[in-house]
Amino acid sequence: MPNEYPKSVFKLVIDAVLGMVDVRVGVIGLGVMGWRIARNLRDDGLLVGVYNRTVDKAVRFGREFGVEVFQSPAKLAGAVDVVVTMLSDDDAVRSVIAGNDGVLSGLRSGSLVIDMSTISPTVSVELANMVRSRGGNMVDAPVIGTSVAVERRELVVLVGGSEEAFNRAREVLRHTARTIIHVGPNGYGLYAKLINNALLGSYVVALAEVVQLGKAFGLSDSVILEVLTKLSSARSPTSELKVPKMLSGDYSVQFALKHMRKDLDIVNREASARGVPIPMASLALQFYRMAERLGLSEEDFAAVLKVLLR
Ligand SMILES: NC(=O)c1ccc[n+]([C@@H]2O[C@H](COP(=O)([O-])OP(=O)(O)OC[C@H]3O[C@@H](n4cnc5c(N)ncnc54)[C@H](OP(=O)(O)O)[C@@H]3O)[C@@H](O)[C@H]2O)c1
């Protein structure tokens, strides 16, 4: 019964007795991550409504979970205290926040924008300044963890912004994350996220390479799986998630390949701007670019293995 009792009656009574008023939250972007984040907030009684570029998706969410579907980011921003955005890339976040009928046109003074997307830190700081000039505040709050982590409420969130904005953001983020860290001022959550994804992108190309090597050596799938996910000193949560996908050929999306290419592009730009050599991440980027040319953008990024099969 999805539309009933998003919050327990008991909790409502306790909140009323203690005089606590929950913050009103709106979510923009109902993709793989945003849909589940919105659902957690709805289940805990904080979600007022949603907006998504593809309207059908928002309507489906609204119907399934009994929340309002807003016609524009501006209308959503005008009805809530906290706007959460979880969108693909720089262009998406820029247009949702600063475009026509964007968040900025409807933002209430004192509102908080929590952008959980992985985008360029430079763009994020620019948008945070615009939000501030309208009397609001913004944090970058990119995440480590897949949709599975959102469902388990185990995300890691790396927050950039003022101390005060971080404290407010944490009260919303704790409904979907286990670890929430204040990294520094605006942009720094994203810098922290980028070093993670530089490593992750390189690591998954290396995993693909050794899975293929193991097969060429004539090792059985079960031995490859055992070594890379259980016995190896280089095993990790990522080898546990991705090696089974590589062995089975099931590239259903946990994290889309186009997003990893996008993240490594940002890493590359930010490193180049500082003259920092990043040979591993640069090489990995070329693999994801080749994978995109093979038409693998929408598959899980573990599908980068297919480049090695060519
Ligand atoms: N999936 C993961 O495991 C994971 C993990 C960590 C971080 N991230 C990061 O989290 C962000 C979201 O990831 P995701 O996997 O949820 O992505 P996704 O499933 O591709 O969803 C992207 C969302 O952005 C919207 N969007 C794209 N372009 C837009 C535009 N120009 N204007 C307005 N809306 C636009 C999409 O709307 P439509 O429905 O209209 O297309 C959709 O709601 C990305 O930055 C990604 O790098 C993802």
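Residues numbered from 1 in each chain as written. Predicted model: local features only at pLDDT ≥ 70, side-chain atom pairs only at ≥ 80, totals over all residues.

Bringing the nonpolar core into the picture now. Ranked by size, the top nonpolar core spans 93 residues in total, and within it V27, V84, I114, A169, Y288 and V304 carry the most contacts. Sort the elements by how many residues they give to this core and helix 10 (residues 188–216) lands first, with eleven residues. Looking at this core, you find at least three residues from each of domain 1 (9–141) and domain 2 (191–309). The contacts of V27, once residues within four sequence positions are left out, are G34, I37, A38, L41, L47, V50, V84 and M86. (Core = buried A, V, L, I, M, F, W, Y, C linked by C-beta atoms within 7 Å. Buried ≥ 20, exposed ≤ 12 C-beta atoms within 10 Å, placed from the backbone. Helix = DSSP H or I, 4+ residues; strand = E, 2+ residues; numbered from the N terminus. Domains from an automatic or database assignment. Contact = placed C-beta atoms within 7 Å.)

Bringing the site of the ligand into the picture now. Lining the immediate environment of the ligand, one finds 27 residues, of which G31, M33, R53, T54 and A92 sit closest. Elements with a minimum of two residues in the shell around the ligand: helix 2 (32–43), helix 5 (90–98) and helix 13 (257–273). Top contributing element to the shell around the ligand by residue count: helix 5, with four residues. Per-class residue counts for the shell around the ligand are ten nonpolar, 13 polar and four charged. (Near = placed C-beta within 6 Å. Nonpolar A, V, L, I, M, F, W, Y, C, P; charged D, E, K, R; others polar.)

Moving on: helix 11 (residues 221–231). Two residues of an α-helix separated by three or four positions point the same way, owing to the 3.6 residues in each turn. Those residues of helix 11 lying buried are I224, L225 and L228. All buried residues of helix 11 fall inside an arc of 95° around its axis, so they share one side. Exposed side chains of helix 11 directed beyond 90 degrees from the buried face belong to S222, K230 and L231. Residues of helix 11 that are buried in the fold lie against helix 10 and helix 12 (237–248). (Arc of directions from axis to C-beta.)

What follows is about the domain arrangement of the protein chain. In terms of domains, the protein chain is made up of domain 1 (9–141) and domain 2 (191–309). One C-alpha centre belongs to domain 1, the other to domain 2; they are set 31 Å apart. In this assembly, five residues from domain 1 lie in contact with seven residues from domain 2. Here the residues of the side of domain 1 that touches domain 2 are counted per class, giving two nonpolar, two polar and one charged.

The next thing to look at is the packing of helix 10 against helix 12. Close contact between helix 10 and helix 12 brings their axes to 10 Å; oriented N to C, the two are set at 45°. Between helix 10 and helix 12, the angle is such that the two are oblique. When the axes of helix 10 and helix 12 are compared, the crossing they make is right-handed. Taking contact as the criterion, the partners of L200, Y203, V204, L207, A208 and V211 in helix 10 are, on helix 12, T238, S239, K242, V243, M246 and L247. Class assignment of the residues belonging to the contact of helix 10 with helix 12 gives a composition of nine nonpolar, two polar and one charged. (Axes fitted to C-alpha atoms, helices over the stretch in contact; angles between N-to-C directions. Parallel < 35°, antiparallel > 145°, perpendicular 65-115°, else oblique. Left-handed = near helix turned anticlockwise from the far one by under 90°.)

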